[in-house]
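# Per-entry structural report
Listed here are the chains, written in short residue letters.
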Amino acid sequence: MQHSKPMISLLLTGCVGLGASGMALAEASDRQAMVQAHQAFAVIAHRGASGHAPEQTWPALEQALAVEADYLELDVQVTADGELVAFHDDDLARTTSVEGAVGDFTLAELQALDAGGWFNDAFPERADAAYAGARILSLDEIFARYGDSVRYYLETKSPHLNPGLEAALVERLEAHGLAEPERVLIQSFDQQSLLRVHELNADLPLVQLLWYYPEEEGAEALVEWTGVTPAPEAMSDADFQAIADYAIGVGTNLTYYDGREVIDADFVAQAQANDLLVHVYTINDSETMARLMAWGVDGLFTDFPDRLRALAPAE
Ligand code: G3P
Ligand code: CA
């Protein structure tokens, strides 16, 4: 199972839910400019076009760009030798032939692995011989290849497993000339990670990720994974404002594993009334895409950016 968030023990490095006063974006005008820069409806290619090709490999990124996705969504982790790679899971086992964390291996060791063959086995109807042998990608090579021709939506993934991630990410963005407010969005489930990014470079717009799930299996009551907000139906304007103090948007799940919807149109409207963009993950069927667009969401994370682009033609 790719999503196992409630099972994971979060080792957040600070107090979640704290007021972010003092960390608030420096100038209201800067914040407004950041919001406006990302306000057009966003087709967010989740791990690239990961429904069509092995996630976060060249084929997935190329296919996302071929259908004019607005953002490449990438999960960023740190290798044993301090390099940054695009990789989602806490363990390599699902998409490579080895077990262990990204941080257990050097970049060279990771790039010797086949990170594409698994896709052909898992999705034979979408298999392509060219996917076998696809490599794990470093952020450096992605930035070198695409530069400022694309927008990046970068997640600080599992910061408790990736010490130094935020500093390394900001440093690489700056080195590549990509630390521009209109060029990137930085996302995380970990509020403290976002605040560390903000301390390092206040020009980088932030998105607070949210994961709502039942308090107990089968229970009505919902909780947010890290406790960064109350249950969605209990959200007050003050709760949204606490996020708007440091972030320009939220990225939230629509459904729990059993298909239960955890947010509704009112949640979206209230977030937007509090000057937050609302991006929803991970939406792969066209019918749900259209329904969420009718709610007025600002963008969708999808493994099939071609389907979403068909509903939201590029301008
Ligand atoms: O970053 C948005 C979405 O990708 C969060 O879920 O587990 O796919 O990183 P995950
Ligand atoms: Ca992600």
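Look up: the structure comes first, before these words.
Below you will find a few notes about this structure. Only a predicted model underlies this, so the values are computations on that prediction, with no experimental measurement involved. (Residues numbered from 1 in each chain as written. Chains lettered and ligands numbered in written order. Predicted model: local features only at pLDDT ≥ 70, side-chain atom pairs only at ≥ 80, totals over all residues. Heavy atoms only, no water.)

Take the overall build of the protein next. Secondary structure assignment for the protein yields 11 helices and 12 strands. In terms of overall size, the protein behaves like a compact globule, its C-alpha atoms giving a radius of gyration of 18 Å where 315 residues would be expected to give roughly 20 Å. Taking the principal axes of the C-alpha coordinates as reference, the protein spans close to 50 × 45 × 40 Å. Taking contacts inside the protein between residues at least 6 apart in sequence as the whole, the part at least 24 apart equals 65%. Carbon and sulfur atoms provide 50% of the accessible area of the protein, an area that totals close to 12,500 Å². Of the side-chain charges in the protein, 16 are positive and 52 negative, and the distance between the mean point of each set is 4 Å. (Helix = DSSP H or I, 4+ residues; strand = E, 2+ residues; numbered from the N terminus. Rg over C-alpha atoms; globule rule 2.2 N^0.38 Å. Contact = heavy atoms within 4.5 Å. Areas by Shrake-Rupley, 256 points an atom, 1.4 Å probe, with all protein chains shown as cover. Lys, Arg positive; Asp, Glu negative; His and termini not counted. Charge placed at Lys NZ, Arg CZ, Asp CG, Glu CD.)

Tracing the backbone shows A112 in the loop between α3 (107-111) and α4 (117-122). Exposure remark for A112: the relative accessible area of 65% places this residue in the exposed category. Each C-alpha atom of the pair A112 and Y256 lies 35 Å from the other, and the pair is 144 residues apart in sequence. (Buried < 20%, exposed > 50% of the residue type's maximum accessible area, 1.4 Å probe, protein only.)

Between side chains of opposite charge, a pair can form when the charged atoms approach closely. Here the structure, examined in full by the defined rule, presents 16 salt bridges. Its salt-bridge partner being E55, residue R47 comes within 3.2 Å of it at the nearest N-O pair. Pair check on accessibility: R47 and E55 agree, each one buried. One salt bridge connects R196 with E166, and the closest N-O pair in it is separated by 3.1 Å. Here E166 lies in helix α6 (residues 165-175) and R196 lies in helix α7 (residues 191-200), a separation of 30 residues in the sequence. Its relative accessible area of 25% is what places R196 among the partly exposed residues. Bridged by salt links that share partners, the residues R47, E55, D75, D89, R94, E155 and K157 form one connected network. (Salt bridge = Lys/Arg side-chain N within 4 Å of Asp/Glu carboxyl O.)

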